[in-house]
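# Notes for the structure review
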Amino acid sequence: MAFSLHPVIDNGITKGAADFTGGTLYCHCPSDKVAVTLKGNVLHNHACGCSKCWKPKGALFAIIGVIPRDSVSVTANGSKLHVLDPEATIQRNACKDCGVHLFGRIEKDHAFKGLDFVHVELSDVKGWQEPQFAAFVSSIIEQGFDPKNIDQVRGKFKSLGLETYDVLSPALMDMLAAFTAKQAGLL
Ligand SMILES: N[C@@H](CCC(=O)N[C@@H](CSCO)C(=O)NCC(=O)O)C(=O)O
Ligand SMILES: [Zn+2]
Ligand SMILES: [Zn+2]
């Protein structure tokens, strides 16, 4: 069965640069592009199969990483941004015209508050951290992917050297769990 996980990884993974200092993300509008400048590299970059993250056309997965929110600034055409779902944990700021998500921000009390979610493929420079794992893999079935082919999807990630999870990676799940325990006064 032919499928695209995501164009950035379908033909292999290119490692990021250790001394990388950041770059600018642009939406897909032909003119008056929204621009968001990131000071520094992303962390925890990953493939995400969930239904909420922005995916390029034809891709089964998004590629999304996090960066401290103080390192994120809207540098052009910010008036075209709107929050897709103000009730969601991650408030995804998307371009009203082309639909691309420029950054996702958490405003409520949450383990990941202070980190913005971004898609570095929207930048024209190289050196961003490469994807580290695949998250929410089974979520693609919720969006209509035939479960009888899901092993091929997991197999393709494995062949690229990426571990697959049906929620987040153990490191991120541990951060969420520790936050819950702290709120309950147990840690
Ligand atoms: N099966 C659901 C899962 C959606 C989900 O929980 N997504 C995660 C990961 S997004 C980036 O890693 C999440 O944290 N969502 C919070 C939010 O979106 O506000 C589905 O596919 O919809
Ligand atoms: Zn746009
Ligand atoms: Zn997601």
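Because the structure is predicted, anything quoted here is derived from the model rather than measured. (Residues numbered from 1 in each chain as written. Chains lettered and ligands numbered in written order. Predicted model: local features only at pLDDT ≥ 70, side-chain atom pairs only at ≥ 80, totals over all residues. Heavy atoms only, no water.)

### Considerations on the UniProt feature "binding site: Zn(2+) 1" (unreviewed entry) in the chain
- UniProt records the feature "binding site: Zn(2+) 1" (unreviewed entry) at Cys-27, Cys-29, Cys-95 and Cys-98, using the numbering of this structure. Considering the C-alpha atoms alone, the annotated residues occupy 72 residues of sequence yet fold into one spot, their largest mutual distance being 8.5 Å.
- In this structure, Cys-29 sits in the loop between β1 (22-26) and β2 (35-39).
- If we ignore the near neighbours within four places in the chain, the residues touching Cys-29 are Lys-80, Cys-95, Asp-97 and Cys-98.
- With respect to the helices, strands and loops of the structure, Cys-98 is situated in the loop between β7 (91-95) and β8 (101-105). (UniProt positions renumbered as here; feature names shortened; annotations may be inferred. Helix = DSSP H or I, 4+ residues; strand = E, 2+ residues; numbered from the N terminus. Contact = heavy atoms within 4.5 Å.)

### A word on the nonpolar core
- Counting 20 residues, the largest nonpolar core has Val-36, Leu-38 and Leu-102 as its most contacted members.
- Those elements that provide at least two residues to this core are β2 and β8.
- Residue contacts for Leu-38: discarding those within four places in its chain leaves Thr-21, Gly-22, Gly-23, Leu-25, Ile-67, Ser-71, Val-72, Val-118 and Trp-128. (Core = buried A, V, L, I, M, F, W, Y, C linked by side-chain atoms within 4.5 Å. Buried < 20%, exposed > 50% of the residue type's maximum accessible area, 1.4 Å probe, protein only.)

### A word on the coordination of the zinc ion (ligand 3)
- Ligation of the zinc ion (ligand 3) by protein atoms is provided by Cys-48 (SG), Cys-50 (SG) and Cys-53 (SG), these donors lying 2.2 to 2.3 Å from the ion.
- Coordination at the zinc ion (ligand 3) is tetrahedral: its four donor atoms span angles of 93 to 125 degrees at the metal.
- When the donor residues of the zinc ion (ligand 3) are listed from N- to C-terminus, their spacing reads C-x1-C-x2-C.
- Residue classification places Cys-50 among the buried positions, given a relative accessible area of 13%. (Donors = N, O, S within 2.8 Å, 3.2 Å for Na, K, Ca; no water. Tetrahedral: all angles 85-135°; square planar, octahedral: opposite > 155°, others 65-115°.)

### A few points about the sheet that holds β2
- Taking strand neighbours across the sheet as the criterion, the three strands line up as β1-β2-β5 in an open arrangement whose pairing is antiparallel. Edge positions in the sheet fall to β1 and β5 (72-76), since each has one partner strand and no second. Averaged over neighbouring strand pairs, the angle between their axes works out to 25 degrees when direction is ignored.
- With five bridges connecting them, β1 and β2 associate as antiparallel partners. Residue Tyr-26 lies in a different strand from β2, and its bridge partner there is Ala-35. (Pairing = 2+ DSSP bridges. Axes fitted to C-alpha atoms, helices over the stretch in contact; angles between N-to-C directions.)

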